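Given next are the chains, with one letter for each unit.
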Amino acid sequence: DAKTTQPTSMDCAEGRAANLPCNHSTISGNEYVYWYRQIHSQGPQYIIHGLKNNETNEMASLIITEDRKSSTLILPHATLRDTAVYYCIVRVAPSNTGKLIFGQGTTLQVKP
Amino acid sequence: EAQVTQNPRYLITVTGKKLTVTCSQNMNHEYMSWYRQDPGLGLRQIYYSMNVEVTDKGDVPEGYKVSRKEKRNFPLILESPSPNQTSLYFCASRPGTASNQPQHFGDGTRLSIL
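Described below are features of the structure shown in this document. (Residues numbered from 1 in each chain as written. Chains lettered and ligands numbered in written order. Predicted model: local features only at pLDDT ≥ 70, side-chain atom pairs only at ≥ 80, totals over all residues. Heavy atoms only, no water.)

### Section: the overall build of chain B
Part 1 of the reasoning: Counting its regular elements, chain B contains zero helices and 11 strands.
Part 2 of the reasoning: The C-alpha radius of gyration of chain B comes to 13 Å, within 12% of the 13 Å expected for a compact globule of 114 residues.
Part 3 of the reasoning: With the C-alpha coordinates of chain B rotated into their principal frame, the extents come out at 40 × 30 × 25 Å.
Part 4 of the reasoning: A total of 114 residues make up chain B; the buried ones form 51% of that total.
Part 5 of the reasoning: Taking all contacts inside chain B whose residues are at least 6 apart in sequence as the whole, residues at least 24 apart take part in 54%. (Helix = DSSP H or I, 4+ residues; strand = E, 2+ residues; numbered from the N terminus. Rg over C-alpha atoms; globule rule 2.2 N^0.38 Å. Buried < 20%, exposed > 50% of the residue type's maximum accessible area, 1.4 Å probe, protein only. Contact = heavy atoms within 4.5 Å.)

### Quick notes on the state of the cysteines
All names here are of chain A.
Part 1 of the reasoning: Following the criterion strictly, the structure yields two disulfides over all chains and no others.
Part 2 of the reasoning: With its sulfur 2.1 Å from that of its partner, C22 forms a disulfide with C88. One quick way to see it: the torsion about the S-S bond of C22 and C88 is about -80 degrees, and its sign makes the bridge left-handed. With a gap of 66 residues between them, C22 in strand 2 (residues 18–23) and C88 in strand 8 (residues 84–92) connect regions that are remote in the sequence.
Part 3 of the reasoning: Judged by relative accessible area, which is 1%, C88 ranks as buried.
Part 4 of the reasoning: Looking at the unpaired C12, the closest cysteine sulfur is the one in C22, lying at 18 Å.
Part 5 of the reasoning: A residue is classified by how much of its surface remains accessible, and C12, at 8% relative accessible area, is buried. (Disulfide = S-S within 2.5 Å.)

### Considering the sheet that holds strand 6 (residues 61–64) of chain A
All names here are of chain A.
Part 1 of the reasoning: Overall, antiparallel pairing links the four strands, which are arranged 2-7-6-5 in an open sheet. Edge positions in the open sheet fall to strand 2 and strand 5 (55–56), since each of these has one partner strand only.
Part 2 of the reasoning: Two elements, strand 2 and strand 7 (residues 70–75), share six bridges in a ladder whose sense is antiparallel. Within strand 7, the residue paired with L20 across the bridge is L73. (Pairing = 2+ DSSP bridges.)

### Looking at the pattern of salt bridges
Part 1 of the reasoning: Applying the stated criterion across every chain, the model contains five salt bridges over all chains.
Part 2 of the reasoning: For R37(A), the salt bridge is made with D82(A), and the minimal N-O distance between the two is 2.8 Å. Linking R37(A) in strand 3 (residues 31–38) with D82(A) in the loop between strand 7 and strand 8, this pair joins segments that are 45 residues apart in sequence.
Part 3 of the reasoning: Residue R37(A) is classed as buried on the basis of its relative accessible area, which comes to 10%.
Part 4 of the reasoning: Overall, the relative accessible area of 13% leaves D82(A) in the buried class.
Part 5 of the reasoning: The residue R44(B) makes a salt bridge to D38(B) at a minimum N-O spacing of 2.8 Å.
Part 6 of the reasoning: Of the residues examined, R44(B) reaches a relative accessible area of 23% and is grouped as partly exposed.
Part 7 of the reasoning: The class for D38(B) is buried, based on a relative accessible area of 11%.
Part 8 of the reasoning: Each of R36(B), D38(B) and R44(B) takes part in a single network of salt bridges with overlapping partners. (Salt bridge = Lys/Arg side-chain N within 4 Å of Asp/Glu carboxyl O.)

### Here we look at the interface of chain A and chain B
Part 1 of the reasoning: The interface of chain A with chain B comprises 22 residues on the first partner and 23 residues on the second.
Part 2 of the reasoning: Taken over both partners, the interface formed by chain A and chain B buries close to 1,700 Å², and the fraction arising from carbon and sulfur atoms is 50%.
Part 3 of the reasoning: The interface formed by chain A and chain B includes zero salt bridges.
Part 4 of the reasoning: At the surface where chain A touches chain B, the tally comes to seven residue pairs in polar contact (both at pLDDT 80 or more).
Part 5 of the reasoning: Listing elements by their share of the side of chain A that touches chain B, those giving two or more residues are strand 3, strand 4 (45–50) and strand 8 of chain A.
Part 6 of the reasoning: For the side of chain A that touches chain B, the class distribution of residues is 10 nonpolar, 10 polar and two charged. (Buried area = accessible area lost by both parts, 1.4 Å probe. Polar contact = N/O pair within 3.5 Å; in protein donor to acceptor, adjacent residues only side chain to side chain. Nonpolar A, V, L, I, M, F, W, Y, C, P; charged D, E, K, R; others polar.)

Below you can see the structure in the form of structure tokens.
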């Protein structure tokens, strides 16, 4: 699975959009981009995933560049409860092991 | 409500005393997996199961056993726990490996082995 690079930490003002970047320059054609977050020591929570097209759900939007080498997770109106570690994961699907490789992620601090 | 349930949530025990952490999912998922999370090391896969009676080692299987006798349950067994197995454990499930659908995680089990 391709390696991902994320900033270690970011701040965002409450009510503003949080834009979290992820670099995955070695991504291959059958690899999906997944985003999870982990609030304190709770279980990782799935946010969104995509292959080529931009995706949106009730939690967030995922923007994938045309060359697929990077992506951005957008939380449109960040709240204090969005403070968490956000993980960008690239994984082949289908996959024999189903393993997710969690890097260090981005710690997002939403401030009042 | 679709969920992955782990028990216990917290456990303090002593070296050598066998323990089992249970994991149950109500989504009829074929694939289940166990991870451990340690500071500075992130989440690492211990074992996974692609279906009933099919299990395989992940990256850090030493000292652990699993079983998958029925689709909904995937217990993690520590036959002779040691202090280096003190960690935060997560169980996860998803529909199947031939799918791009995401994994769903339980709330975690914090184990302390003294």
